[in-house]
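Topology and contacts: notes
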Amino acid sequence: MAAPDLTTLRPAVSGRLVLPHDDDFEDARRVWNGMIDRRPLGVVRAVSIDDIPAVLELARREGLALAIRGGGHNVAGNGTVDGGLVLDLGALNGVEVDPRRGVVRVGPGATLVDVDRATEEHALIVPLGVVSATGVAGLTLGGGFGWLTRSFGLAVDNLLQVDLVTADGRRLTASETDNSELFWGLRGGGGNFGVATAFTFQAQRLGPQVFAGNLVYRRDKWADALRAYADWTAHLPDELTSIVTIIVPPPAWELGDETVLLIGFTWTGADSNEAMTHVDRLTALAPPDERAIQPNRWVEWQSQADDLFPRGARAYWKNVAFDQLSETAISAVLDFAERLTPGVATDIHHMEGAFGRVPEDATAFPGRSARYWLNIYGFWQDPAEDEARVALVRGLHAAMGPVARPVQYVNFAGHEGRGPSAREAAVAAYGPQKFERLVELKRRYDPTNLFRLNHNIPPD
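What counts as what
- Every chain is numbered independently, its residues counted from 1 as its sequence is written.
- Given that this is a predicted model, residues contribute local features only at a pLDDT of at least 70 and side-chain atom pairs are listed and counted only at 80 or more, while totals for whole chains, interfaces and linings are drawn from all residues.
- Side-chain measures were taken over the full set of non-hydrogen atoms in the model, leaving aside hydrogen atoms and water.
- Aromatic rings from Phe, Tyr and Trp, taking only the six-membered ring of Trp, are treated as a pair when their centres fall within 6.5 Å; an angle between ring planes under 30 degrees marks them as stacked, one over 60 as edge-to-face, and anything in between as tilted.
- Secondary structure follows DSSP: runs of H or I at least 4 residues long count as helices, runs of E at least 2 residues long count as strands, and numbering of each begins at the N terminus.
- A simple rule labels every residue: compare its accessible area, found with a 1.4 Å probe on the protein chains alone, to the largest value its type can have, and call it buried under 20%, exposed over 50%, or partly exposed in between.
- Two thresholds decide whether a charge sits over a ring: the Lys NZ or Arg CZ must be within 6 Å of the ring centre and within 35 degrees of the ring normal.
- Should DSSP find at least two bridges between two strands, the strands are regarded as paired.
- To get an axis, a line is fitted to the C-alpha atoms, and for a helix only the part in contact is used. The angle between two axes follows their N-to-C directions and goes from 0 to 180 degrees.
- What is meant by a nonpolar core is a set of buried Ala, Val, Leu, Ile, Met, Phe, Trp, Tyr and Cys residues, joined one to another through side-chain atoms within 4.5 Å.
- Residue contacts are defined here by distance: any two heavy atoms, one from each residue, within 4.5 Å place the two residues in contact.
- Any pair of nitrogen or oxygen atoms within 3.5 Å is treated as a polar contact; in protein, a donor-acceptor pairing is required on top of that, and neighbouring residues in sequence qualify only through side-chain atoms on both sides.
- Left-handed describes a crossing whose near helix is turned anticlockwise from the far helix through less than a right angle; right-handed describes the clockwise counterpart.
- Note on residue classes: Ala, Val, Leu, Ile, Met, Phe, Trp, Tyr, Cys and Pro are nonpolar, Asp, Glu, Lys and Arg are charged, and everything else, Gly too, is polar.

1. Looking at the packing of aromatic side chains
For the coordinates displayed, the defined rule picks out 23 aromatic pairs. Seen from their ring centres, Phe 145 and Phe 365 are 6.4 Å apart, and the 85 degrees between their planes marks the pair as edge-to-face. Separated by 220 residues along the polypeptide, Phe 145 in the loop between helix H4 (136–142) and helix H5 (149–152) and Phe 365 in the loop between helix H11 (353–357) and strand S18 (372–380) bring together distant segments of the chain. For the pair formed by Phe 145 and Phe 365, the shared burial category is buried. Through pairs of rings, three or more aromatic residues link up here, namely Trp 32, Phe 145, Phe 309, Trp 317, Phe 355, Phe 365, Trp 373, Tyr 377, Phe 379, Tyr 409 and Phe 412. Directly above the aromatic system of Trp 184 lies the positively charged group of Arg 437, at a separation of 3.8 Å from the ring centroid.

Now the structure itself:
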């Protein structure tokens, strides 16, 4: 079949249509994950939300696969497509702060650092992720946890409203009072129901500095550190969120070239002495080899891992929710750590707190009672390393099978769930009950599955 004439879009949009013969097409078609190499028919770089309906209408009319790109940091590479159309919202990255009410309105192309810079001067923070280059839209629609999860919950738990354009071109607002069932689905159900054009958050009063730090453990102390962490996390206040990281540190971290175990934390309480009381309890159980604890500018703390994930890095991730840091789980993690090479790492997020007190059926995000969430992630440059790095990630994921809960965090999931396996992947992510509720929403707002290049909820 002859390719459709995309140039008909030019008079209908104020943004730029980038086609394969244009000098900047190679840049326009690529996404953050360098393993994803796809060639769309064209990319529309929107400069206004008014550009969106015309793109959707052409995709519907011509039967084109449509990829929606916000910040473009999605590990599954859902922001591009072979032989279809890309709607790139990256230029719509404005952030508006109402400091009196603590309300922040964020454009669909904004990244975490865009929000952090805008809120910092007002001593406000929107709870988002852990890498500042991450797009707010994708992170939020998938749930969004990071350094503030125990204190303030997920990004979706701080969400007041989402504006979006549906598959048929309607502009809707979803909140607790308007289109409330759609609002439920948008909080964890991904980009299945429309193109989000704005997010309104209730910010938290914190910053511009936070009390935070890292404890460093060398190989001979890993087992003791993990067992101590299991005990320590059983008795922590909401103000303390922590993440265990096992990684071969990059040179910039000045920790040598041997694998290390880090226990990082952020404290959102008013008294740093109280924080140290809790940290001292951990270090008494498992004395670290090194420590770095001090007040940090939030913008700097949130971006400390950015260099691990440059644009074009090859990436493959998997995740596991689990309830106990048992000997089975510890053994699996330690075996992984012993075989670790540069370019692969894992994080153990301690959940509970404000995250765990949100009722399971309040949002589409699954697994509210999980105590821990493991993210296994690869980040490398050489395609020759693909097989070995992917095998390492899959190895730990498989080893955690005996303790894993039957849910997934879609923001930490790769692209295996496309095509015929989409339904099975969605059921595995959300569980049967939430999946059926999401399907009903999909049938209502996107019955033809126009928005299918995502962690898809099939309408049938």
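2. A short note on the sheet that holds strand S1 (residues 16–18)
Strands sit in the order S1-S2-S4-S3 across an open sheet of four strands; the sheet is mixed. In this open sheet, the two edge strands, each paired with only one partner strand, are S1 and strand S3 (66–69). Sheet twist, expressed as the average angle between the axes of neighbouring strands with direction ignored, equals 20 degrees. In terms of strand pairing, S3 meets strand S4 (residues 85–88) through four bridges, oriented parallel. Bridging across to S4, Leu 66 finds its partner in Leu 85.

3. Side note on unusual backbone geometry
A cis geometry characterises the amide bond from Gly 207 onward to Pro 208, with omega recorded as 5 degrees. Tracing the backbone through its elements, the reader meets Pro 208 in the loop between strand S11 (204–205) and strand S12 (209–217). Here the phi dihedral of Asn 179 falls at roughly 50 degrees; this positive angle occurs in a residue that is not glycine. Tracing the backbone through its elements, the reader meets Asn 179 in the loop between strand S9 (171–175) and helix H6 (180–186). Asn 179 sits in the partly exposed class, given a relative accessible area of 29%. With a phi close to 60 degrees, Asn 449 is a non-glycine residue in the positive phi region.

4. Considerations on the nonpolar core
Counting residues in hydrophobic clusters, the biggest one holds 66 residues, and the most contacted among them are Leu 128, Leu 182, Phe 201, Phe 309 and Trp 373. Looking at which element gives the most residues to this core, the answer is helix H14 (residues 432–445), with five residues. With sequence-adjacent residues up to four places away left out, Phe 201 is seen in contact with Gly 102, Val 103, Val 104, Val 106, Val 126, Leu 128, Val 136, Thr 140, Ala 155, Asn 158, Leu 159 and Leu 160. In this structure, Trp 267, Ile 330, Ala 337 and Tyr 372 belong to the second largest nonpolar core, which totals 46 residues.

5. Points about the side chain of Asn 192
Mapping Asn 192 onto the fold places it in the loop between H6 and strand S10 (195–202). Its relative accessible area of 0% is what places Asn 192 among the buried residues. Among the polar contacts made by the side chain of Asn 192, one reaches the main-chain carbonyl oxygen of His 455 at a distance of 3.2 Å. Side-chain polar atoms of Asn 192 contact the side chain of Asn 456, separated by 3.0 Å.

6. A word on the sheet that holds S10
Across a sheet, strands are paired by hydrogen bonds formed along the backbone, either parallel or antiparallel in direction. Strand order in the open sheet formed by five strands is S5-S6-S10-S8-S9, and the pairing between neighbours is antiparallel. Each edge of the open sheet is held by one strand with a lone partner, namely strand S5 (95–98) and S9. Recorded for the sheet is a direction-independent mean angle of 15 degrees between the axes of neighbouring strands. In terms of strand pairing, strand S8 (residues 159–165) meets S9 through five bridges, oriented antiparallel. Along S9, the bridge assignment pairs Asp 163 with Thr 173. Each of S5 and strand S6 (103–106) touches helix H3 (residues 112–120); the most contacted strand, S5, lies at about 30 degrees to it.

7. Here we look at the packing of helix H7 (residues 222–232) against helix H8 (residues 272–285)
Helices that pack against each other are described as a pair by the angle of their axes relative to one another and the distance between those axes. One can describe the packing of H7 onto H8 by two numbers: an axis separation of 9 Å at closest approach and a directional angle of 140 degrees. Between H7 and H8 lies a crossing whose hand is right-handed. Residues Ala 228, Tyr 229, Asp 231 and Trp 232 of H7 touch H8, and the partners they reach there are His 278, Val 279, Arg 281, Leu 282 and Leu 285. Residue composition of the contact of H7 with H8, grouped by class: six nonpolar, one polar and two charged.

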